[in-house]
Amino acid sequence: MPIAGSGIVKMLPGRKPCKDCGFPTCFAFAMKLASGGATVDKCPYLSEEVKDKLLDALAPPIKLVTVGSGENAVKIGNEEVIYRHEKTFVHSPGIALLISDKDDNAGVEEKIKKIKELQFPWVGVNLKADLLALHFQSGDKAKFLALVKKVYDSTDLGLVLVSEDMNALFAARDICADRHPLLYPITSENIEEAIPKIKATPTPVGVRASSVEGLVPLTTRLKDAGIEEVVLDPGSKNLLEAVRDQTFIRKAALKQGFRPLGYPTIAFPCFMAKDKLREMLVGSALVIKWASIIVLSDFDRYSLLPLLVQRLNIYTDPRFPMAVEEKYYEVGEPDESSPVLITSNWALTYFLVSSAVEATKVPAYICVKDAEGLGVLTAWAAGKFSGDSVGAFIKKCGIEGKVKHRKLVIPGKVARIKGELEDALELKWEVIIGPRETTGIGAFLPALSKQLKG
Ligand code: SF4
């Protein structure tokens, strides 16, 4: 865990409250530093040595590393808890698809197409794999570099470059350095040769050893050389070893504050499992057991989607329900006589309602009222879906300019807000009580649409 305020204050100069940091005392400054509300440089009286010690002590226990660039950048690390229920997991693992330079052209094309096309809109987010891992296996450096160039030119995705040959690895890095690729593997055999090349064009590096213990001298050496964008591979050969190693690393970093293991990790189910099904099961276990990048040899829609949904479930913040933005949404191409429905902004509620409306093929407007991510009935009970608040939202959301009629459908479960809502809308709208369940929308909406058009 990061250092507490009481520990920080012992490292501060303790001058008579000079307040030059903007805080009334050193203690107040220390408390702010501990909570992340101030930065070390605000106190001008710290020696360089103390400053370095403080920066080190205040750094997150697991380093944040970014692979890729722009909107496809994958951030990993920065985790604070071992178990999700303690607070939340922060950065979901990047799912990488492996392409070997031994694959023929058609195979490479197919995998590029696959990672681009296999995307799944899911309760307001777009689920997809994130990275391509390019593997030098052919022994022909030119072939590997041609693969890297092809993938670099045809996608915007972040890349993991996998090569035991250092010359090929850094030549590949030079092709796609602006994409901030992860270079793998840095080992005890090549680390000294690699350090100057990494420092020349800094990108993240994946460190591999044959055990968790073997990683420690490598990360220590890299840190001494000023290289901290590091990802760990303890060399796990099967699921049992992988879970054991990931657990050890996570607990050492978070419980013991052991900095040499305070980095995100990479795991290779593609090299651990005998067949595709087992590979996915290993990947699935590692989503739960803390791997930060998971490299798979292949997937299709039937194997990828469950993995992505599992990742979404594990990495959503359990303290906050999933919610969609408060506004009116268009289903189909509604016009001025299309029905207007209202619901709350719990993501599941919205997607059930919008799917049911879509299935009727009746173009409509769905107004989504912010209810802090609660379902309709719970929101009403909590006072977040009252007639007054829904009325205020209808007036300001812009729907009045979209339709010429004034008929608003409310969920049947909150029929009791009808009178209050009509009052809030100054009796300009007729409030219609809709079905209690979304299953009723199929019969209800076409009839209403006919009535509005007639
Ligand atoms: S500037 Fe430094 S010495 Fe002065 S009060 Fe702030 S922390 Fe203490």
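Up top is the structure these notes are about.
The numbering scheme is per chain: residues are counted from 1 as the chain's sequence reads. Local features are withheld for residues below a pLDDT of 70 in this predicted model, meaning they are given only at 70 or higher, and side-chain atom pairs are given and counted only at 80 or more; totals for whole chains, interfaces and linings count all residues. Side-chain numbers come from the whole structure's heavy atoms, not from hydrogens or water.

A. Structural detail: the sheet that holds strand 10 (residues 230–233). Two strands qualify as a pair provided that DSSP identifies no fewer than 2 bridges between them. Put simply, DSSP marks the helices as runs of H or I at least four residues long and the strands as runs of E at least two long, and each gets a number from the N terminus on. Ordered in space as 10-9-8-7-6-3-12-11, the eight strands form an open sheet in which the pairing is parallel. Taken across any chain shown, the strands that pair with only one partner, and hence form the sheet edges, are strand 10 and strand 11 (266–267). One ladder, built from two bridges, connects strand 11 with strand 12 (residues 293–296); its direction is parallel. Along strand 12, the bridge assignment pairs I266 with I293. Against the sheet, helix 5 (residues 141–154) makes contact with strand 3 (94–100), strand 6 (131–135) and strand 7 (158–162), and its axis sits at roughly 165° relative to strand 6, the strand it touches most. The contact definition used throughout considers only heavy atoms, calling two residues in contact when any of these lie within 4.5 Å. Orientation is described by axes fitted as lines to C-alpha atoms, over the contacting stretch for helices, and by angles from 0 to 180 degrees between their N-to-C directions.

B. Up close: the nonpolar core. Among the nonpolar cores identified, the biggest contains 74 residues, and I95, L132, L134, L161, L222 and F299 are the most heavily contacted of them. Here this core takes seven residues from helix 12 (residues 301–315), the largest share from any one element. Each nonpolar core is a collection of buried residues, namely Ala, Val, Leu, Ile, Met, Phe, Trp, Tyr and Cys, held together in the definition by side-chain atoms within 4.5 Å. Accessible area is worked out with a 1.4 Å probe on protein chains only. A residue is then buried under 20% of its type maximum, exposed over 50%, and partly exposed in between. F393, C397, V414 and V431 belong to the second-largest nonpolar core, a separate cluster that totals 22 residues.

C. Looking closely at the site of the ligand. Think of it this way: one heavy atom of a residue within 4 Å of a molecule or strand is enough to make that residue near it. In the region of the ligand, the neighbouring residues are P13, R15, C18, K19, D20, C21, C26, F29, C43, P44 and Y45. Residue classes in the shell around the ligand are distributed as eight nonpolar, no polar and three charged. Under the scheme applied here, ten amino acids are nonpolar (Ala, Val, Leu, Ile, Met, Phe, Trp, Tyr, Cys and Pro), four are charged (Asp, Glu, Lys and Arg), and all others, including Gly, are polar.

D. Layout of the packing of aromatic side chains. Pairing of aromatic rings covers Phe, Tyr and Trp, the last counted by its six-membered ring, and requires centre-to-centre distances within 6.5 Å; plane angles under 30 degrees mean stacked, over 60 mean edge-to-face, and any other angle means tilted. For the coordinates displayed, the defined rule picks out nine aromatic pairs. A ring pair is formed by F23 and F29, whose centres lie 5.8 Å apart and whose planes are at 45°; its orientation type is tilted. Judged on exposure class, the residue F23 and its partner F29 are both buried. Ring plane angle 80° and centroid distance 5.9 Å describe the contact between Y328 and Y365, whose orientation is recorded as edge-to-face. One end of the pair, Y328, is in strand 13 (residues 327–331); the other, Y365, is in strand 15 (residues 364–369), with 37 residues separating them in the sequence. Relative accessible area serves as the criterion here: at 2%, Y365 is assigned to the buried category. A connected cluster of aromatic rings, assembled from ring pairs, spans Y184, F268 and F271. Think of it as a cone above the ring: NZ of Lys or CZ of Arg counts as a charge over the ring if it is within 6 Å of the ring centre and within 35 degrees of the ring normal. The ring of F89 is capped by R250, whose NZ or CZ atom sits 5.2 Å from the centre of that ring. A cation sits over an aromatic face here: R416 above W380, 4.3 Å from the ring centre.

E. Expanded view of the layout of surface pockets. If you add up the space inside the largest pocket, you get close to 390 Å³. For cavity detection a 1 Å grid was placed over the protein atoms alone, and a set of points counts as a cavity when a 1.4 Å probe fits there but cannot get out; an open set counts as a pocket when protein lies on both sides within 12 Å along at least five of seven lines, with lining residues being those that have an atom within 4 Å of a point. Lining the largest pocket are 21 residues, and of these T349, V353, P411, R436 and T438 sit closest to its centre. The residue inventory of the lining of the largest pocket, partitioned by class, reads 12 nonpolar, six polar and three charged. Grid points are joined across faces, edges and corners, and a volume is the space filled by probe spheres set on the points.

Function cannot be inferred from these measures alone, as they are strictly geometric.
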